[in-house]
Amino acid sequence: MDIVVEHLTKRYGPQKAVDNVSFRVKAGEVLGFLGPNGAGKTTTMKAMACFIKPEEGDILVGGYSIHDHPEIIKKNIGYLAENNPLYQEMNIIDFLEFIAKIHGIPKYLIPERILDMIRTCGLEGEKHKLIGELSKGYQQRVGLAQALIHDPDILILDEPTTGLDPNQIVEIRELIKRIGKEKTVILSSHILAEVEATCDRILIINNGRIVVDGTAAELRKQAQGNEILKLGVQGGDIDHIFESLFEIETIDSIDIIDVDKQLFEIQSLPNTTSVKAIFDTCVRNNYYITELTPTEKKLEDIFRILTLH
Amino acid sequence: MKQILHIASRELSTFFDSLTAYVLIVIFLGFSGFFTWIYGADVFFVGQANLNTFFTVAYWSLFIFIPALTMRSIAGELKAGTLELLLTKPVSDWQLIFGKFLSTLLLIAIALAPTVIYYFTLWAIGPVDHSAILLGYVGLLLMSMVYISIGLLASCIASNPIIASLTALSIGIFFHIIFDVLASNFVGFLGSFFSYMSLSTHFESISRGVVDTKDLIYFFSLVFFCLFTSKMILSNRNL
């Protein structure tokens, strides 16, 4: 099922949480929704899950509009809300049974589905416990189980790994990847590594608008631009080295990273390289190079550049 | 319809799991039993084979208990975030409201069920007006429906269960006594208006054994108005 978001706008009072956002998710795609806190990720996901109605715009899931056919869309969506709300006083099996019934799964299939979910989400040891007694990581798994129990075509996961320990994060990521092979998955996060590890496509949203739409590789390429070098130079006073480096014409900026080790970060002007000039300068001044590494821009930096204004 | 039943049965089991139901039933039966059979204007003191005392006690105790039962229905779900869980499942706003309404009504019916023993006891003692007693129960259920819907409405308005409970009580008290008091202080149109608005007028007329469509219209229109307003508030959520 394709998801088409068209000119989505949602206001909270005078503030626009989402401002004229449009994008499209193809069936079978794993889309990562990125953005700083309060960027509008959750609002967009809530609208997709038919929990809130946008003032303007529409979302079409498999051709059905959220305004006209929410009941059809809800049947085909598995949704894990941001802070994973669950009935704390119920035990896992009763809870999953309730969700299965609400989804209209035939009665004879329910026990099988529940067992399947308990196995898939690794809840075997805890299945008779009350949800309120579970640790956060296990609660998150119950949240995933309830989102998956009716075998939906589309999964919407709002920050599925918050509050989990590193092992659990890896496990949940594996699970999402496995699910993503068959289903359309939309997941939000503000952890870039997570999105990079699990998603085919990244959508960065900031102040309610989409700033980037593409794969991780495309994103890198787009933001790469200038050459950045990490340079270590010894054999002279740091100020002198700084000055002589500064004379190189192709260098745009120099930052001193470490005074003791005499490490610099050098950014060249667009479409130029300064490697040879640096080498020549060092030879001329009898300095020697202890380190010269090209720095690849991390996704984190790209994220910061794109969302910091 | 199935969704309504699923929601209602889950809600009902929560009432029992959290002991709320047991506390309610024990206190309700204790109170009504005590005043019906043992103390005050009890059956033996009155010397008539009717359950008027029981209906009066139930009329008051349900008025106080129901807001405590309904206060968490929407406000609690909202606070715990589970409203989002429920409403992103194939459940419409109406189904949620009706499910909550039905669960509380069922709990009240369960609490009232053991008091049928009073009726059989009375029957053994003397000549009973069967229809009056039957209609007394109908009246109690109708009155409970009104207070449950008021409670649900309050629970939709307030985001905090305690405030929801107090709101429900303060709305309820108008129908419970204030309109009645006003009715006795006014004459003419205002007097009859307040008298019509007062729940006790209609409850008394039904529990006397008279079913008038006027009374039924009163009860059902109040219930409908409250549930409809609750649904509108829920649908216009901006969370």
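Bear in mind that the values here come from a model prediction, so they are computed numbers and not experimental data. (Residues numbered from 1 in each chain as written. Chains lettered and ligands numbered in written order. Predicted model: local features only at pLDDT ≥ 70, side-chain atom pairs only at ≥ 80, totals over all residues.)

Regarding the overall build of chain B
Thought 1: When helices and strands are counted, chain B shows 13 helices and zero strands.
Thought 2: Ordered by position from the N terminus, the helices and strands of chain B form the series α-α-α-α-α-α-α-α-α-α-α-α-α.
Thought 3: Its C-alpha atoms give chain B a radius of gyration of 19 Å, within 12% of the compact-globule value 18 Å for 239 residues.
Thought 4: Dimensions of chain B, computed from C-alpha atoms along their principal axes, come out at roughly 60 × 45 × 30 Å.
Thought 5: Looking at chain B alone, contacts between residues at least 24 apart form 76% of all its contacts between residues at least 6 apart. (Helix = DSSP H or I, 4+ residues; strand = E, 2+ residues; numbered from the N terminus. Rg over C-alpha atoms; globule rule 2.2 N^0.38 Å. Contact = placed C-beta atoms within 7 Å.)

Things to note about the overall build of chain A
Thought 1: Looking only at helices and strands, chain A has 11 helices and 14 strands in total.
Thought 2: Taken along the three principal axes of its C-alpha coordinates, chain A extends 85 × 45 × 35 Å.
Thought 3: In chain A, which comprises 309 residues, the share counted as buried stands at 40%.
Thought 4: At a minimum sequence separation of 6, the contacts of chain A that also span at least 24 residues come to 68%. (Buried ≥ 20, exposed ≤ 12 C-beta atoms within 10 Å, placed from the backbone.)

Remarks on the sheet that holds strand 3 (residues 30-34) of chain A
Residue and element names in this part refer to chain A.
Thought 1: Strand order across the open sheet formed by six strands is 6-7-8-3-9-10, with mixed pairing between neighbours. Each edge of the open sheet carries a strand with a single partner, namely strand 6 (77-80) and strand 10 (209-214). Across the sheet, the mean angle from the axis of one strand to that of its neighbour is 15 degrees, orientation sign disregarded.
Thought 2: Judged from the five bridges that link them, strand 3 and strand 8 (residues 184-189) form a sheet pairing that is parallel. (Pairing = 2+ DSSP bridges. Axes fitted to C-alpha atoms, helices over the stretch in contact; angles between N-to-C directions.)

Concerning the domain arrangement of chain A
Thought 1: As far as domains go, chain A holds domain 1 (3-214) and domain 2 (225-297).
Thought 2: Of note, the centres of domain 1 of chain A and domain 2 of chain A, computed from C-alpha atoms alone, are 47 Å apart. (Domains from an automatic or database assignment.)

Side note on the sheet that holds strand 12 (residues 251-258) of chain A
The strands that make up a sheet are held in pairs by hydrogen bonds between backbone atoms, and each pair lies either parallel or antiparallel.
All names here are of chain A.
Thought 1: In space, the four strands of this open sheet follow the order 12-13-11-14, with antiparallel pairing throughout. One side of each edge strand has no neighbouring strand; the edge strands of this open sheet are strand 12 and strand 14 (288-294). The mean inter-strand angle of the sheet, taken between neighbouring strand axes irrespective of direction, is 25 degrees.
Thought 2: Pairing analysis gives five bridges linking strand 11 (residues 228-234) to strand 13 (residues 263-268), with the strands arranged antiparallel. Paired with Gly-232 across the bridge in strand 13 is Leu-263.
Thought 3: Taken strand by strand, helix 9 (residues 238-246) contacts strand 11, strand 12 and strand 13, and its axis lies near 160 degrees from that of strand 12.

A closer look at the nonpolar core
Thought 1: Formed by 135 residues in total, the largest nonpolar core has its most connected members in Ala-145 and Ile-156 of chain A together with Leu-62 and Val-146 of chain B.
Thought 2: Ranked by residue count, the leading element in this core is helix 9 (residues 130-157) of chain B, at 15 residues.
Thought 3: With 10 residues, the next largest nonpolar core counts Leu-231, Val-233, Ile-241 and Ile-251 of chain A among its residues. (Core = buried A, V, L, I, M, F, W, Y, C linked by C-beta atoms within 7 Å.)

Observations concerning the packing of helix 1 (residues 2-17) of chain B against helix 7 (residues 93-112) of chain B
All names here are of chain B.
Thought 1: It is the contact of helix 1 with helix 7, at a shortest axis distance of 8 Å, that shows an interaxial angle of 45 degrees. Considering the angle they form, helix 1 stands oblique to helix 7. As helix 1 runs across helix 7, the sense of the crossing is right-handed. Along the contact surface, helix 1 presents Gln-3, Ile-4, Ile-7, Ala-8, Glu-11, Leu-12 and Phe-15, while helix 7 presents Gln-95, Leu-96, Phe-98, Gly-99, Lys-100, Leu-102, Ser-103, Leu-106 and Leu-107. (Parallel < 35°, antiparallel > 145°, perpendicular 65-115°, else oblique. Left-handed = near helix turned anticlockwise from the far one by under 90°.)

A few points about the UniProt feature "transmembrane region" (unreviewed entry) in chain B
Residue and element names in this part refer to chain B.
Thought 1: UniProt records the feature "transmembrane region" (unreviewed entry) at residues 21-41, 53-75, 96-120, 132-154, 166-196 and 216-234, using the numbering of this structure.
Thought 2: For residues 21-41, the end-to-end C-alpha separation is 28 Å, with 86% helix and 0% strand making up the annotated structure.
Thought 3: Summarising residues 216-234: 100% helix, 0% strand, and an end-to-end C-alpha distance of 27 Å. (UniProt positions renumbered as here; feature names shortened; annotations may be inferred.)

Describing the environment of Leu-85 of chain B
Thought 1: Tracing the sequence through the fold places Leu-85 of chain B in helix 6 (residues 82-87).
Thought 2: We classify Leu-85 of chain B as buried; it has 25 C-beta atoms within 10 Å.

Here we look at the interface of chain B and chain A
Thought 1: With 20 residues of chain B at the interface, the matching set in chain A holds 21 residues.
Thought 2: Secondary-structure elements contributing two or more residues to the side of chain B that touches chain A are helix 1 and helix 6 of chain B.
Thought 3: Sorting elements by how many residues they give to the side of chain B that touches chain A places helix 1 of chain B first, with five residues.

A few points about the environment of Asp-260 of chain A
All names here are of chain A.
Thought 1: Among the secondary structure elements, Asp-260 is positioned in the loop between strand 12 and strand 13.
Thought 2: With 6 C-beta atoms packed within 10 Å, Asp-260 lands in the exposed category.
Thought 3: Along the backbone, Asp-260 and Asn-167 are 93 residues apart, and their C-alpha atoms lie at a distance of 37 Å.

Observations regarding the pairing of strand 9 (residues 201-206) of chain A
All names here are of chain A.
Thought 1: Among the six residues in strand 9, six count as buried, and that is most of the element.
Thought 2: Burial along strand 9 is two-sided: Arg-201, Leu-203 and Ile-205 facing one way and Ile-202, Ile-204 and Asn-206 facing the other are all buried.
Thought 3: The sheet contact formed by strand 3 and strand 9 spans four bridges and is parallel. Within strand 9, the position partnered with Phe-33 by the bridge is Leu-203.
Thought 4: Where strand 9 meets strand 10, five bridges bridge the pair, whose relative direction is antiparallel. The residue bridging Leu-203 from the neighbouring strand is Asp-213, located in strand 10.
Thought 5: The hairpin formed by strand 9 and strand 10 contains two residues between the paired strands, and Asn-207 there has a positive phi angle of roughly 50 degrees.

A look at the pairing of strand 1 (residues 3-12) of chain A
Residue and element names in this part refer to chain A.
Thought 1: In this sheet, strand 4 (residues 56-61) lies alongside strand 1 in antiparallel orientation, the contact comprising five bridges. If you follow Val-4 over to strand 4, its bridge partner there is Leu-60.
Thought 2: In textbook terms, the turn of a hairpin is the stretch between consecutive antiparallel strands, and for strand 1 and strand 2 (residues 15-25) this stretch comprises two residues, one of which, Gly-13, has a positive phi near 65 degrees.

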